[in-house]
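Spelled out from the first residue to the last, the chains are:
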Amino acid sequence: MKEMQTTYDPKDFEDRIYEKWTEENCFRAEVDPSKIPFTVMMPPPNITGKLHMGHAMDETMQDIVIRFKRMQGYSALWLPGTDHASLATEHKIVEKLREEGTSKESLGREEFLRRAWAWKDRYGGAIVGQLKKLGCSCDWSRLAFTLDERCSKAVREAFCRLYEKGLIYRGSRIINRCPDCQTALSDEEVEHTEDAGFFWHFAYPVEGSDEKIVIATTRPETMLGDTAVAVNPSDERYKKFVGKTLILPLMGRKIPVVADEYVDPAFGTGAVKITPAHDPNDFEVGLRHDLPMINVMNDDGTMNDLCGEFAGLDRYEARKRIVEKIKESGLLVKVEPHTHNVGHCHRCHATVEPIVSKQWFVKMAPLAKPAIDAVVKNKTKFVPDRFAKIYFNWLENIRDWCISRQLWWGHRIPVWYCKCGETICSREDPVVCPVCGSHDLKQDDDCLDTWFSSALWPFSTLGWPEKTPEFNYFYPTDVLVTGYDIIPFWVMRMMFSGIEYTEKVPFHDVLIHGLVRDEQGRKMSKSLGNGVDPLEVIEKYGADSLRLSLVTGVAPGNDTRFTETKVEASRNFINKIWNASRFVLMNVDCEVPSLAQIRLQPADRWIISRLMATIREVTLSLQKYDLGIAADKLIDFAWSDFCDWYIELSKPALYGGDAEKKKSALGVLVFVLENTLKLLHPFIPFVTEEIWSFLPGERGNIISEDYPRYNTKLSYKKEAKTFEGIIDLIKTVRAMKVDVNCPPSRKVHLYLVTDQKRLVSVNKQSILRLAGASEIDFIENGDAAGGKTLSHVCEVGHLFIPLGELVDIEKEKARLSKELERVVGEIARADGKLLNKNFVSKAPKKLVDDERAKKDKYLDMKEKIERQLHLLDD
RNA sequence: GGAAGUUUAGCUCAGCCGGGAGAGCACUUGCCUUACAAGCAAGGGGUCAUAGGUUCGAACCCUAUAACUUCCACCA
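Conventions used here
Residues numbered from 1 in each chain as written. Chains lettered and ligands numbered in written order. Predicted model: local features only at pLDDT ≥ 70, side-chain atom pairs only at ≥ 80, totals over all residues. Heavy atoms only, no water. Helix = DSSP H or I, 4+ residues; strand = E, 2+ residues; numbered from the N terminus. Rg over C-alpha atoms; globule rule 2.2 N^0.38 Å. Buried < 20%, exposed > 50% of the residue type's maximum accessible area, 1.4 Å probe, protein only. Contact = heavy atoms within 4.5 Å. Pairing = 2+ DSSP bridges. Axes fitted to C-alpha atoms, helices over the stretch in contact; angles between N-to-C directions. Parallel < 35°, antiparallel > 145°, perpendicular 65-115°, else oblique. Left-handed = near helix turned anticlockwise from the far one by under 90°. Nonpolar A, V, L, I, M, F, W, Y, C, P; charged D, E, K, R; others polar. pLDDT = per-residue confidence, 0-100. Salt bridge = Lys/Arg side-chain N within 4 Å of Asp/Glu carboxyl O. Near = heavy atom within 4 Å. Polar contact = N/O pair within 3.5 Å; in protein donor to acceptor, adjacent residues only side chain to side chain. Phe/Tyr/Trp six-rings, centres within 6.5 Å; stacked < 30°, edge-to-face > 60°. Lys NZ or Arg CZ within 6 Å of the ring centre and 35° of its normal.

**Student:** Would you mind going over the overall build of chain A with me for this structure?
**Tutor:** Along the backbone of chain A there are 29 helices and 29 strands. Taken against the 2.2 N^0.38 rule, which gives 29 Å for 874 residues, the C-alpha radius of gyration of chain A at 38 Å runs more than 25% over that of a compact globule. Overall, the C-alpha framework of chain A stretches about 120 × 85 × 55 Å when taken along its three principal axes. Counting over 874 residues, chain A shows a buried share of 54%. Long-range pairs, those at least 24 residues apart, make up 77% of the contacts in chain A between residues at least 6 apart in sequence.

Put into structure tokens, the structure is as follows:
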């Protein structure tokens, strides 16, 4: 038989074990009518992405759940995949082209896509390898990609269905545009931050009068597109101006003063410039008052040719020039600092421009309603359930979803335009216009928002819209595991998409976790450079340690801090398991009996009872997705009960020379170890698999073993409780020895008044060994112990230890006297300082406090020493 | 403006249905006890944010307050 190394070294086996699992097809989930399916769809990481701590936690949680369910006998499918990440990827490739001195425009769409695919094939798989390092047991044979043929077909089907139902429309609306990425964004893709800026007050002259209206703006450049000034209808200051005409400075355009409730008289000057083409609120005002919309910006954030002398300038340069010009013309009233919320592109963080633009939208109201109902009716449950409120909050206030992006890397919108004006939405590329018969059809240039395809993930990956056996068997999925930050982007959209297309909720449970923060509680981010690379942690401590550290002490939905200390603690625990296993194995020298063949001793029943309780608690916790609690219970059992107590308790039997007793002890040790390893496997899969391979007997892989089951016959509740008296007795003796400074190695004679002589006798060898005792005698009362004794009441009875056994009285007295002398000296020294008024009043407070603390400590020591001396003198 | 969360040991955090206040790290003391010093044993350390309320009983339920965090909306 192979030997286990003396120390746990994950590098020895993690890669090898993963290969073994792969070769033996352990992750494959089959459509198997004899089993109940359990399905988890991996949130597809971006192909541009690198595994970060957030992924590591997310994937670890999924892996724990899927391994647990697999062992429980489900046909457990964890379907992995990657996301084409339209914007992020295109951004990356455009950047690369720029470095090469070319651009996407000069390459053209076809060549650009060819390069993008080449990039994807080359680098897009990196994250897959990283997931394997982490131990993810996904069914790689089903690896999906949001831009692959299957998913693309689903996207087309979904788009066409919505289009046919009138839930997708094309229209000119205010959207968020990123001037750097040069594309429209959805509301969710815009991040708002408080930015310092200015409030510029401009005076707009009233036509045919000397009067002026002062407006305030944070974005002066948009004034070029002003088509009105609005005031509140109840505002007395401006009542007389309503209906009058203003001359827009710099442009000379005549614009009306309109009255609109939208204006807050108390804010700014109470008069608002209205730029319908560049502000969502102004857009609404514009609609109400039938104002023209004047778009003054190009797609790249420069001013367009409607801007006269400012045409071609960057928006910020134009802002500067405009302010200068206004100042020159004497219309700048004042400038004041002003912080306000500014939208930024979540990808490149450039300031987003709200702009009127013709885009494709999904009508949300009809889709949101059933998605809300499904959660209200508990068809899908959030864990923890408070996240349902966040979900409702989003869906109840949702606006139409802008789904078109001015990008090439993605699903091209399946709509074609004919010169005759016809618009054709089609599942297949059309060749001829159904109205005029023309062959001259042009496909829409835009791509769909990445999330449009992600929204279909739970079923597109299973072959929908085809009724594939996989779809029929594995869908709806069971649990979605993701962070709370992704609820609006993804969870919500999968919900309404699943319900709309498949008439079923896409998953029954949504397990929400928090963010992994850095040691100081800050978000890990590229700009801060405070991210910890999971791969480096794996390299140093192994994947199992990382995994365990990411789920212990973590409550569902709460953020957690990543600390190396925690990883170390996990590593230490695993090392403990490693060595406990090694201990058991090094004692195996015969055929190990099964539990049924063993006459169980009280200690055996106690550990088996604890094992059963642990099986029950861990199973229940995992079923509730309380991974942190499950891990804590398991660690506590394995370390405290099994290693610290049972293994020690078993040593007399192992070393005692009685072959039969040894055999029994081994049987129990192996039984408990086997079950402990199985319970631990979902959390720390590599090391448990490795240890499993060393266990005696013919066995397969632990990954394919049955999960331990609670067995009432083995619960031994009452006997276990009784046995705890022995543990209590041992702890009592140990504490008594420490109390009187008796070295643990010194064997003492125990005298016990008890009515549980049998229990104590059976466990005598263990007690002697663990308590550090030479003998136990049963007595009727304390006098029988003879001479001076220390005594203590414990669960099994009244315990007496002769003092002479604990300490060499004369020696100890001498030691204590010397110690007392020293302590008294220290007290005198402290008093010397503290009684000195100058010291107390003039020395730094900390020094004085420290001195007082020292004195208190020595006083306390003095009291204890005196008490002990008294005991010995008596 | 709306919503959610957090507040428990020195630090980081668990704590299920209302009944014993816990873990890891740190700290103190003693141990290389033939699985493990990545270890063993024994300890110290808490006004469970504050104030009320419900209850036989509250870290947990209710009300209010405070501090911090996050999300959404937003006033040009």
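The rest of the description comes next.
**Student:** When you look at the sheet that holds strand β7 (residues 190-205) in this model, what are you seeing that I'm missing?
**Tutor:** Picture the strands of a sheet paired through backbone hydrogen bonds; they go either parallel or antiparallel. The antiparallel open sheet is built from three strands, whose spatial order is β8-β7-β13. Both edges of this open sheet fall to β8 (212-217) and β13 (332-345), since each of them pairs with a single strand only. Each strand of the sheet is rotated relative to its neighbour by a mean of 20 degrees, with strand direction disregarded. Most of the contacts of helix α9 (residues 315-328) go to β7, to which it runs at about 25 degrees, and overall it touches β7 and β13.

**Student:** Sorry if this is basic, but what is going on with the sheet that holds strand β11 (residues 254-259) here?
**Tutor:** Spatial ordering of the open sheet is given by β10-β11-β9-β12, a layout of four strands whose pairing is mixed. In this open sheet, the two edge strands, each paired with only one partner strand, are β10 (245-247) and β12 (271-274). The mean inter-strand angle of the sheet, taken between neighbouring strand axes irrespective of direction, is 30 degrees. Where β10 lies against β11, three bridges are found, and the strand directions are antiparallel. Bridge pairing links Ile-247 to Lys-254 in β11.

**Student:** Would you explain unusual backbone geometry in this entry?
**Tutor:** Negative phi values dominate among residues other than glycine, just as trans dominates among peptide bonds. Look at the link from Trp-464 to Pro-465: it is a cis peptide, with omega at 10 degrees. Mapped onto the elements of the fold, Pro-465 is located in the loop between α13 (457-460) and α14 (469-474). A cis amide bond, omega -5 degrees, links Tyr-475 with the succeeding residue Pro-476. With respect to the secondary-structure elements, Pro-476 resides in the loop between α14 and β22 (477-483). One non-glycine residue, Ala-85, lies in the positive phi region at around 50 degrees. Positionally, Ala-85 belongs in the loop between β3 (81-82) and α3 (86-99). With a phi close to 55 degrees, Gln-182 is a non-glycine residue in the positive phi region. By the secondary structure assignment, Gln-182 is in the loop between β5 (168-178) and β6 (183-185). For Gln-182, a relative accessible area of 36% corresponds to the partly exposed category.

**Student:** Before we go on, may I ask you to explain the packing of helix α19 (residues 602-623) against helix α21 (residues 659-680) in this structure?
**Tutor:** Packed helix pairs are characterised by how far apart their axes lie and by the angle those axes make with each other. At a minimum axis separation of 11 Å, α19 and α21 run at an interaxial angle of 15 degrees. Classified by the angle their axes make, α19 and α21 are roughly parallel. In the crossing of α19 with α21, the sense of the turn from one axis to the other is left-handed. Residues Asp-604, Ile-607, Ile-608, Leu-611, Met-612, Thr-614 and Ile-615 of α19 pack against Val-668, Phe-671, Val-672, Asn-675, Thr-676 and Leu-679 of α21. Taken together, the residues that form the contact of α19 with α21 break down as nine nonpolar, three polar and one charged.

**Student:** Just checking my understanding: could you explain the side chain of Asn-763 for this structure?
**Tutor:** Structurally, Asn-763 can be placed in the loop between α24 (757-762) and α25 (764-771). Ignoring anything within four residues of it in the chain, the contact list for Asn-763 reads Pro-602, Ala-603, Phe-723 and Ile-726.

**Student:** Can you walk me through the confidence of the model for chain A in this structure?
**Tutor:** Interpretation of the predicted coordinates at a detailed level should be avoided for regions scoring low in pLDDT. Of all residues in chain A, 97% have pLDDT values of 70 or greater, and the mean over the chain is 92. The ipTM assigned to the predicted complex is 0.96, against a pTM of 0.93.

**Student:** Would you mind going over the pattern of salt bridges with me for this structure?
**Tutor:** As a working rule, side chains carrying opposite charge can pair if their charged atoms are close by. Enumeration over the complete set of coordinates arrives at 57 salt bridges. With a closest N to O distance of 2.8 Å, Glu-221 and Arg-319 form a salt bridge. One end of the pair, Glu-221, is in the loop between β8 and β9 (228-231); the other, Arg-319, is in helix α9, with 98 residues separating them in the sequence. A relative accessible area of 0% means that Glu-221 is categorised as buried. The salt bridge partner of Arg-610 is Asp-641, with a shortest N-O separation of 2.6 Å. In this pair, Arg-610 is assigned in helix α19 and Asp-641 in helix α20 (residues 627-655), connecting sequence segments 31 residues apart. Judged by its relative accessible area of 21%, Arg-610 is partly exposed. Residue classification places Asp-641 among the buried positions, given a relative accessible area of 10%.

**Student:** Got a minute to help me understand the protein's contact with RNA strand B in this structure?
**Tutor:** Around RNA strand B there are 48 residues in total, and Phe-267, Asn-281, Asn-341, Arg-571 and Arg-582 lie nearest to it. When the atoms of RNA strand B within 4 Å of the protein are grouped by moiety, sugar and phosphate amount to 66% of the total. In this structure, Gly-553 approaches RNA strand B through a main-chain N or O atom, which is 2.7 Å from a sugar or linking oxygen. The separation between a sugar or linking oxygen of RNA strand B and a polar side-chain atom of Arg-582 is 2.5 Å. Among the secondary structure elements, those contributing two or more residues to the surface near RNA strand B are β8, β13, α11 (387-396), α18 (564-587), α20 and α23 (717-739).

**Student:** Where do I start with the packing of α23 against α25 in this structure?
**Tutor:** One way to put it is that α23 packs onto α25 with a least axis distance of 9 Å and a crossing angle of 30 degrees. In terms of axis orientation, α23 runs roughly parallel to α25. Between α23 and α25 the crossing geometry is right-handed. Seen from α23, the contacting residues are Ile-726, Leu-729, Ile-730, Val-733, Arg-734 and Lys-737; seen from α25, they are Ser-766, Ile-767, Leu-770 and Ala-771. When grouped by side-chain class, the residues that make up the contact of α23 with α25 number seven nonpolar, one polar and two charged.

**Student:** What exactly am I supposed to notice about the side chain of Ser-438 here?
**Tutor:** If you trace the backbone, Ser-438 turns up in the loop between β19 (423-425) and β20 (441-443). A relative accessible area of 18% places Ser-438 in the buried class. Engagement of the side chain of Ser-438 in a polar contact is seen with the backbone nitrogen of Asp-440, the distance being 2.9 Å. Excluding residues that lie within four positions of it along the chain, Ser-438 makes contacts with Cys-418, Val-431, Val-432 and Cys-433.

**Student:** What exactly am I supposed to notice about the environment of Glu-851 here?
**Tutor:** Structurally, Glu-851 can be placed in helix α29 (residues 845-873). Owing to a relative accessible area of 3%, Glu-851 belongs among the buried residues under this scheme. Sequence separation between Glu-851 and Asp-831 is 20 residues; the distance between their C-alpha atoms is 8.9 Å. Once you skip the residues sitting within four places of it in the chain, Glu-851 turns out to touch Arg-829, Ala-830, Lys-833, Leu-834 and Phe-839.

**Student:** Looking at this structure, how should I read the packing of aromatic side chains?
**Tutor:** The geometry of two aromatic rings is summed up by the distance between their centres and the angle between their planes. Evaluation of the coordinates by the stated rule reveals 35 aromatic pairs. Where Phe-159 meets Phe-452, the ring centres are 6.3 Å apart and the plane angle is 55 degrees; that geometry is what we call tilted. With Phe-159 in helix α7 (residues 149-164) and Phe-452 in helix α12 (residues 450-454), this residue pair connects regions lying 293 residues apart in the sequence. The burial state of Phe-159 is the same as that of Phe-452; both residues are buried. Centroid distance Phe-459 to Tyr-475: 5.7 Å. Interplanar angle 80 degrees. Geometry classified as edge-to-face. Residue Phe-459 is found in helix α13, and its partner Tyr-475 is found in the loop between α14 and β22; the two are separated by 16 residues along the sequence. Both residues of the pair, Phe-459 and Tyr-475, count as buried. Among the aromatic residues, ring-to-ring pairing joins Phe-159, Tyr-163, Trp-360, Trp-401, Phe-452 and Phe-496 into one connected group. Positioned above the aromatic ring of Trp-408 is the side chain of Lys-104, whose terminal nitrogen or guanidinium carbon lies 4.9 Å from the ring centre.

**Student:** What should I look at first to understand the environment of Ala-830 in this one?
**Tutor:** Along the chain, Ala-830 falls in helix α27 (residues 809-834). The residues contacting Ala-830, other than those within four sequence positions of it, are Glu-851 and Lys-855.

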